[in-house]
Every structure is written in C-alpha cells, then in structure tokens.
Amino acid sequence: MPDAQHPPSWKEWLQAFIGGFIATLLFHQGIVALFWLAGLIPAAPWNMGPVPPFGIPKVLSLAFWGGVWGPPIWWLIRRWRGLRHWLGALIAGAIGPTLVAMLVVFPLKGLNVDANTVVGGLIVNGAWGLGLAVWMQLVFTRKMV
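Below is a short write-up of the structure. Note that the structure is a prediction, hence the values are computed from the model and not measured.

1. Thoughts on helix α1 (residues 10-37)
Consideration 1: An ideal rise of 1.5 Å per residue puts 40 Å on 28 residues; α1 measures up with 39 Å between its terminal C-alpha atoms.
Consideration 2: Along α1, the sharpest kink reaches roughly 40°, centred on Thr24.
Consideration 3: For α1, the complete set of buried residues consists of Glu12, Ala16, Gly19, Gly20, Ala23, Thr24, His28, Gln29, Gly30, Val32, Ala33 and Phe35.
Consideration 4: Contacts made by the buried residues of α1 are with α2 (58-77) and α4 (115-141).
Consideration 5: One or two residues past the end of α1 sits Gly39, with phi positive at roughly 75°.

2. A short note on the packing of α1 against α4
Consideration 1: Interaxial distance between α1 and α4 falls to 7 Å at its minimum, and their mutual angle equals 135°. If you check the angle between α1 and α4, you find them oblique. Between α1 and α4 lies a crossing of right-handed hand.
Consideration 2: When the residues that make up the contact of α1 with α4 are grouped by side-chain class, the tally is 18 nonpolar, eight polar and one charged.

3. Digging into the nonpolar core
Consideration 1: Judged by nonpolar contacts, Ala16, Ala23, Ile73, Trp74, Ile77, Trp86, Ala89, Ala92, Trp128, Leu132, Ala133 and Met136 together constitute the single largest core of twelve residues.
Consideration 2: Going through the elements one at a time, α1, α2, α3 (82-109) and α4 are the ones with two or more residues in this core.
Consideration 3: With four residues, the top contributor of residues to this core is α4.
Consideration 4: For Ala23, the contacting residues outside a window of four places in its chain are His28, Trp128, Gly131 and Leu132.

4. Brief notes about α3
Consideration 1: For α3, spanning 28 residues, the distance from its first C-alpha to its last is 39 Å, which sits close to the expected 40 Å at 1.5 Å a residue.
Consideration 2: The sharpest bend along α3 comes to roughly 40°, located at Ala101.
Consideration 3: Taken from the residues just after α3, Gly110 is the one with a positive phi, measuring 70°.

5. Quick word on the side chain of His85
Consideration 1: Here His85 shows up in helix α3.
Consideration 2: On the accessibility criterion, His85 (1% relative accessible area) is buried.
Consideration 3: Look past the residues within four positions of His85 in its chain and what remains in contact with it is Trp74, Ile77, Trp80, Ala133 and Gln137.

6. Notes on the packing of α2 against α4
Consideration 1: Orientation of α2 relative to α4, taken along the N-to-C sense of each, is 70°, at an axis distance of 10 Å. Judged by the inter-axis angle, α2 sits roughly perpendicular to α4. Contacts between α2 and α4 involve Gly66, Trp69, Gly70, Ile73, Trp74 and Ile77 from the first element and Trp128, Leu132, Ala133 and Met136 from the second.
Consideration 2: In terms of residue class, the contact of α2 with α4 is built from eight nonpolar, two polar and no charged.

7. Regarding the packing of aromatic side chains
Geometry of an aromatic ring pair is reported as the spacing of the ring centres plus the angle between the planes.
Consideration 1: Evaluation of the coordinates by the stated rule reveals two aromatic pairs.
Consideration 2: Residues Phe17 and Phe64 carry aromatic rings whose centres are separated by 5.9 Å and whose planes lie at 65° to one another, so their mutual orientation is edge-to-face. Of this pair, Phe17 sits in helix α1 while Phe64 sits in helix α2, and the two are 47 residues apart along the sequence.
Consideration 3: Taking the centre distance of 5.2 Å and the plane angle of 80° together, the rings of Phe64 and Trp65 count as edge-to-face.

8. Focus: unusual backbone geometry
Consideration 1: A cis amide bond links Pro52 to the next residue, Pro53, at an omega of 5°.
Consideration 2: Residue placement: Pro53 occurs in the loop between β1 (50-51) and β2 (56-57).

Definitions and limits used
- Residues numbered from 1 in each chain as written.
- Predicted model: local features only at pLDDT ≥ 70, side-chain atom pairs only at ≥ 80, totals over all residues.
- Heavy atoms only, no water.
- Helix = DSSP H or I, 4+ residues; strand = E, 2+ residues; numbered from the N terminus.
- Expected span 1.5 Å × (residues − 1).
- Bend = angle between axes of the 7 residues up to and from the residue.
- Buried < 20%, exposed > 50% of the residue type's maximum accessible area, 1.4 Å probe, protein only.
- Contact = heavy atoms within 4.5 Å.
- Axes fitted to C-alpha atoms, helices over the stretch in contact; angles between N-to-C directions.
- Parallel < 35°, antiparallel > 145°, perpendicular 65-115°, else oblique.
- Left-handed = near helix turned anticlockwise from the far one by under 90°.
- Nonpolar A, V, L, I, M, F, W, Y, C, P; charged D, E, K, R; others polar.
- Core = buried A, V, L, I, M, F, W, Y, C linked by side-chain atoms within 4.5 Å.
- Phe/Tyr/Trp six-rings, centres within 6.5 Å; stacked < 30°, edge-to-face > 60°.

Pasting the structure below:
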C-alpha cells in the first residue's frame, strides 16, 4: 500500500480512477443485476443503450463517472486500515455519489426521487465503494487485508 503520509502519486490517482471504473462494472452493476433479477427495479443492468450527446453506451458513461468518483473516495479512505478502511469505503461510496445523484443528477434528468430510490442508491453505491477498495488493495498489496 502506498505511504498514506505522502500525497498520492499520479499512478495512485490513475489506479483510483481505473478502480472506480471497474467497480462500477462489477460491483455496482452486479447489485443492480440482483435487484433486477428479483424484480425490484425495471431497468436491466449493463445497459448498452446510447447516451446523448455522444451515443456512448449508458453503462460505460456510468463507469466513467464511477472512475471520476474513485480518486476522491480513495483519497478519503486510503489512510485507514482494517475494519475502518472497509466501512469507510462502504459509507463514503454510499453517501457521496448517492447525494450527488439524488440532489443534482436526478432533478436535472427529471427523475423521481423517493425513499426506495435513495435506499437503492445507497446500496449500489456502497457496493461500488467496496469494489474500489478491493481494487486498490489488489493493485497495491496484491493481497487482501
């Protein structure tokens, strides 16, 4: 693991972006898949439908934003070890992206925000945060702590 007392290197920032991207595809969308299979949500996971204005598949657009969230969440949790590290990843991943989605993105897109949406967002984004932490652990230590 990089030394938490020093500023992250550009490689660590890049790995945090990659980790956020991959965590979206595996952890976030994996939970979305479970919700969809259980009939709890109407939207299927790994949506390849185009997103304006560039026509990029929706899941890749979402993964890009997961990558953008990777560095700030990683910066926050990188100093913590053990249970605090994993709980920090879960909580920071759940709260930050969910707040922005519910308070900014959903209103801009005219989407409804209700208790189910908020709880679902906390769950899928919390899973994303854990996925980011797993990636960073694998990249920098090659083993799980």
